[in-house]
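# Tertiary structure, described
Read off the chains here:
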Amino acid sequence: MNEISRRDEVSLSGAALRGAPWKAAAIGGGAVSATSFGLGLISGGGDLPWALGLGISLFALIAAIGSVARPHDGDRVTRQARLWSLRHPWRFSLLPAGMVAVLDYPVQLVLDGDGVFGAAVDAVWQGALVYLITGVLTMTLKGRANDTH
């Protein structure tokens, strides 16, 4: 029996994210948010909740993909968690998607004015999109799990 619990899967995903390029993720997400909002202001729109949601999503994507791009870096536990993540891309993708939904919900609730239910729907859709993109990109990196360094 080789099954692990959902809690263990979340722990493995979290361990894989240890040492992720958080600084690059924050800079990338912040730059995209600022650029999106600034361009929106120039063109007459300026949708702050959308720009922040885009930045949050990019932040999670950069962190997730950056963490599994070099599966053989880091300590033994981190390496094993990253290799597990590459072998189970859809399970790994649940944590970044959940992070996005949790971080995007207050942005949508406070700034968008859609109410509790509308903000939840927007945050879940944002998380679902990150889940899909992270899963596909992690699948493309799956071959790195077999490379020996």
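What comes next is a walk through the structure. (Residues numbered from 1 in each chain as written. Predicted model: local features only at pLDDT ≥ 70, side-chain atom pairs only at ≥ 80, totals over all residues. Heavy atoms only, no water.)

A few words on the packing of aromatic side chains. Counted under the stated rule, the structure contains 2 aromatic pairs. Measuring from centroid to centroid gives 5.7 Å for Trp-22 and Phe-59, while their planes differ by 40 degrees, and the two rings are tilted. Of this pair, Trp-22 sits in helix H2 (residues 22-42) while Phe-59 sits in helix H3 (residues 48-68), placing them 37 residues apart in sequence. On the accessibility criterion, Trp-22 (34% relative accessible area) is partly exposed. Take Phe-59: its relative accessible area is 22%, and that puts it in the partly exposed class. An angle of 55 degrees between the planes, with centres 5.4 Å apart, marks the rings of Trp-90 and Tyr-131 as tilted. (Phe/Tyr/Trp six-rings, centres within 6.5 Å; stacked < 30°, edge-to-face > 60°. Helix = DSSP H or I, 4+ residues; strand = E, 2+ residues; numbered from the N terminus. Buried < 20%, exposed > 50% of the residue type's maximum accessible area, 1.4 Å probe, protein only.)

Core analysis: the biggest nonpolar cluster contains 11 residues, these being Ala-15, Ala-16, Leu-17, Ala-64, Ile-65, Val-68, Ala-81, Trp-84, Leu-86, Phe-92 and Leu-141. Among the secondary structure elements, those contributing two or more residues to this core are helix H1 (6-17), H3 and helix H4 (76-87). Within the second largest apolar cluster, 6 residues are counted, among which are Ile-56, Ala-60, Leu-61 and Val-107. (Core = buried A, V, L, I, M, F, W, Y, C linked by side-chain atoms within 4.5 Å.)

Right, let's talk about the environment of Ala-24 for a bit. Along the chain, Ala-24 turns up in helix H2. Along the chain, Ala-24 and Leu-109 lie 85 residues apart, while their C-alpha atoms are 27 Å from each other.

Where H1 contacts helix H6 (residues 94-112), the axes come no closer than 9 Å and their chain directions differ by 85 degrees. Here H1 lies roughly perpendicular to H6, going by the angle between them. For the pair H1 and H6, the contacting residues are Arg-6, Val-10, Ser-13, Gly-14 and Leu-17 in the first and Leu-94, Leu-95 and Met-99 in the second. Its residues assigned to classes, the contact of H1 with H6 shows 5 nonpolar, 2 polar and 1 charged. (Axes fitted to C-alpha atoms, helices over the stretch in contact; angles between N-to-C directions. Parallel < 35°, antiparallel > 145°, perpendicular 65-115°, else oblique. Contact = heavy atoms within 4.5 Å. Nonpolar A, V, L, I, M, F, W, Y, C, P; charged D, E, K, R; others polar.)

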